[in-house]
Amino acid sequence: MNQDTLPDDAHMRASRAEYARRMNRVLDHIDRHLDAPSDLATLADVANLSRYHFHRLFSAWMGETVGDYTRRVRLQRAAQMLARGSGESVLAVALATGFSSGEAFARAFKLQFGCTPSAWTAATPQRIAADLARLKSNPGQAHRNPDQDWTALLREYEGSPISLMEFAMQVTIETLPPAHVAYQRKIGPYGPQITQFWSSTVQPWMQSHGLMAADCYGVAHDDPAITPAGKCRYDACVAVPEGFQPGAHASLATLPGGRYAVAKFKGRPDTIAAAWMWLMREWLPSSGLQCDERPCFERFSASTAMDAVTGEFSCDICIPVRAL
């Protein structure tokens with residue numbers, strides 16, 4: 001290749017964005033099929049990449065093999081299911097997360113978390129209390145965006161000076177339609193970086209595509225109490241019409257519809273953790289409902305979410321629910 005044919009910066013950025021989009025399709029496919037084996041040929045086809053080279057490409061991109069990634073995500077999902085206390089048996093959780101037997105699941109779980117699945121479930125209150133004690137010894141850690149899992153939300157609230165009762169919001173049960181969205185994914189620690197991601201990356205893209213009036217959704221897929229901070233996944237989603245072509249810098253997905261508990265939040269951004277906490281600790285246990293496996297999300301409008309005068313943030317907190 002001579003110098004005249006070397007790609008310029010714009011082409012390099014576009015190429016890297018296309019690689020990110022293809023790898024995100026693979027991660028989404030694995031997440032939707034945790035109860036099935038991860039077949040490398042199928043995943044390569046999902047990414048539209050060479051079957052021969054796919055495993056090496058995935059490992060270089062993600063910093064872990066397909067097998068390691070799949071095993072880690074399965075165990076994290078299982079740990080969340082057990083901690084939520086839904087009453088499912090250890091075997092049911094094992095099968096739902098792709099393990100062939102309760103014994104194989106128990107061995108892998110103990111290797112990952114240092115205890116059996118039953119001990120993990122039984123120790124959830126003590127584990128949360130220990131986390132609370134650590135957080136209180138370093139309260140500055142509390143001021144970050146909440147993830148979407150109730151165990152870490154509890155830690156978030158306890159570091160906040162805001163009274164939990166201030167967030168007694170009106171909650172409605174609504175049947176939401178599926179949302180067709182374009183999303184950009186950030187992999188890394190939650191917190192101020194998420195706000196920066198929206199302002200520096202997502203909103204300029206929205207502006208260039210005439211989407212500033214569209215509904216936005218923030219979806220945090222991982223619990224940082226379980227997932228290493230550098231591997232936490234957050235999707236910044238923007239509603240788009242059918243047939244929309246997102247270009248190289250975004251991917252298309254559908255947020256599932258169905259029954260959601262919807263609470264309207266308005267307040268300082270650093271207090272939304274307490275709002276999540278009130279919903280998860282106070283409202284949900286008294287509602288006769290429980291979370292299901294669809295993602296929670298925050299829904300808002302990019303043009304009106306932030307009040308420039310008061311500094312308040314407004315959004316709908318949406319929690320997927322089913323009968324207890």
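Residue positions are counted from 1 within each chain, in the order its sequence is given. Two thresholds apply to this predicted model, a pLDDT of at least 70 for residue-level local features and 80 or more for giving and counting side-chain atom pairs, whereas whole-chain, interface and lining totals are computed over all residues. The side-chain quantities take in all heavy atoms of the structure and omit both hydrogens and water.

Caption draft 1: Representation of the packing of aromatic side chains in the model. Aromatic contacts are taken between Phe, Tyr and Trp rings whose centres are within 6.5 Å, Trp giving its six-membered ring; a plane angle under 30 degrees counts as stacked, one over 60 as edge-to-face, and the others as tilted. Inspection of every chain in the model, using the stated rule, returns 12 aromatic pairs. Ring plane angle 65 degrees and centroid distance 5.3 Å describe the contact between tryptophan 198 and phenylalanine 300, whose orientation is recorded as edge-to-face. One end of the pair, tryptophan 198, is in helix H10 (residues 192-208); the other, phenylalanine 300, is in strand E8 (residues 297-301), with 102 residues separating them in the sequence. On the basis of relative accessible area, phenylalanine 300 is assigned to the buried category, the value being 12%. Geometrically, the ring pair formed by phenylalanine 300 and phenylalanine 313 is edge-to-face, given 5.6 Å between the ring centres and 65 degrees between the ring planes. Pair noted here: phenylalanine 300 is in strand E8 and phenylalanine 313 is in strand E9 (residues 313-323), with a separation of 13 residues, a long-range link. Ring pairing ties together the aromatic residues Phe99, Phe105, Phe109, Phe113 and Trp120, which thus form one cluster. Taking NZ or CZ as reference, arginine 294 lies 4.6 Å from the ring centre of tyrosine 260, over its face. Only runs of H or I of at least four residues qualify as helices and only runs of E of at least two qualify as strands under DSSP, and these elements are numbered from the N terminus. The rule is simple: take the accessible area with a 1.4 Å probe, protein chains only, and divide by the maximum for that residue type; under 20% is buried, over 50% is exposed, in between is partly exposed. Look at NZ for Lys and CZ for Arg. If either is within 6 Å of the ring centre and within 35 degrees of the ring normal, a charge sits over the ring.

Caption draft 2: Summary view of unusual backbone geometry. Positioned with a positive phi, asparagine 48 is a non-glycine residue whose angle comes to about 55 degrees. On the secondary structure map, asparagine 48 appears in the loop between helix H2 (40-47) and helix H3 (54-62).

Caption draft 3: Focus on helix H4 (residues 66-83). To estimate how far a helix should reach, multiply one less than its number of residues by 1.5 Å. For H4, spanning 18 residues, the distance from its first C-alpha to its last is 26 Å, which sits close to the expected 26 Å at 1.5 Å a residue. Where burial is concerned, most of H4 is hidden: 14 out of the 18 residues are buried.

Caption draft 4: Examining the pairing of E8 more closely. With five of five residues buried, E8 is to be regarded as a mostly interior element. With burial as the criterion, each face of E8 is covered, one bearing Phe297, Arg299 and Ser301 and the other bearing Glu298 and Phe300. In this sheet, E8 lies alongside strand E3 (residues 215-220) in antiparallel orientation, the contact comprising four bridges. The partner of aspartate 215 across the bridge, within E8, is serine 301. Of the strand pairs in this sheet, E8 and E9 are connected by three bridges, and their pairing is antiparallel. Bridged to arginine 299 within E9 is aspartate 316. Two strands qualify as a pair provided that DSSP identifies no fewer than 2 bridges between them.

Caption draft 5: Molecular detail of H2. Every buried residue of H2 is listed here: Leu43, Ala44 and Ala47. For H2, the arc enclosing every buried residue in end-on projection is 100 degrees, short of the 170-degree limit, so these residues lie on one face. One or two residues past the end of H2 sits asparagine 48, with phi positive at roughly 55 degrees. Here the arc refers to the directions that run from the helix axis out to each C-beta atom.

Caption draft 6: Looking closely at the packing of H4 against helix H6 (residues 102-113). As a packed pair, H4 and H6 sit with axes 11 Å apart at the nearest point and diverge in direction by 90 degrees. Relative to H6, H4 is oriented roughly perpendicular. Here Leu75, Ala78, Ala79 and Leu82 of H4 lie close against H6, whose contacting residues are Phe105, Ala108, Phe109, Gln112 and Phe113. Each residue is assigned to one class: nonpolar for Ala, Val, Leu, Ile, Met, Phe, Trp, Tyr, Cys and Pro, charged for Asp, Glu, Lys and Arg, and polar for all the others, Gly among them. Among the residues making up the contact of H4 with H6, the classes are represented as eight nonpolar, one polar and no charged. A fitted line through C-alpha atoms serves as each axis, taken over the contacting stretch for helices, and the angle formed by two N-to-C directions is quoted from 0 to 180°. The cut-offs work like this: below 35 degrees is roughly parallel, past 145 is roughly antiparallel, 65 to 115 is roughly perpendicular, and the gaps in between are oblique. Any two residues whose heavy atoms approach within 4.5 Å are treated as being in contact.

Caption draft 7: Main features of the layout of surface pockets. A cavity here means a set of points on a 1 Å grid, drawn over the protein atoms and nothing else, where a 1.4 Å probe fits but cannot get out; a pocket is an open set with protein on both sides within 12 Å along at least five of seven lines, and a residue lines either one if it has an atom within 4 Å of a point. Grid points are joined across faces, edges and corners, and a volume is the space filled by probe spheres set on the points. Taken as a whole, the largest pocket encloses approximately 1000 Å³ of empty space. Forming the walls of the largest pocket are 43 residues, and the residues nearest its centre are Asp31, Arg77, His221, Glu293 and Pro295. At the level of elements, helix H1 (9-32), H4, strand E2 (179-187), E3, strand E4 (233-239) and strand E5 (251-255) are the ones that each hand at least two residues to the lining of the largest pocket. When the residues that make up the lining of the largest pocket are grouped by side-chain class, the tally is 19 nonpolar, eight polar and 16 charged.

Caption draft 8: How the structure looks around the pattern of salt bridges. By definition, a salt bridge exists where a carboxyl oxygen of Asp or Glu is found within 4 Å of a side-chain nitrogen of Lys or Arg. Taken as a whole and judged by the stated rule, the model has 11 salt bridges. For lysine 264, the salt bridge goes to aspartate 316, with nearest N and O atoms at 3.1 Å. Highlighted residues: lysine 264 in strand E6 (residues 258-267) and aspartate 316 in strand E9, separated in sequence by 52 residues. Residue classification places lysine 264 among the exposed residues on the basis of a relative accessible area of 60%. On the basis of relative accessibility, which here comes to 12%, the residue aspartate 316 falls in the buried class.

Caption draft 9: View of the side chain of glutamate 64. One can find glutamate 64 in the loop between H3 and H4. For glutamate 64, the side chain forms a polar contact with the side chain of arginine 72, separated by 2.6 Å. Among residues more than four places away in sequence, those in contact with glutamate 64 are Phe58, Ser59, Tyr69, Arg72 and Lys231. Each polar contact in these results corresponds to two N or O atoms within 3.5 Å; when the atoms are within protein, one needs to be able to donate a hydrogen and the other to accept it, and residues that are neighboring in sequence are counted only if both atoms are side-chain atoms.

Caption draft 10: Structural context of the environment of alanine 104. By secondary structure assignment, the location of alanine 104 is in helix H6. The class of alanine 104 is buried, set by a relative accessible area of 18%. Between the alpha carbons of alanine 104 and alanine 94 there is a distance of 8.5 Å; along the sequence they are 10 residues apart.

Just geometry here; none of it tells us what the structure is for.
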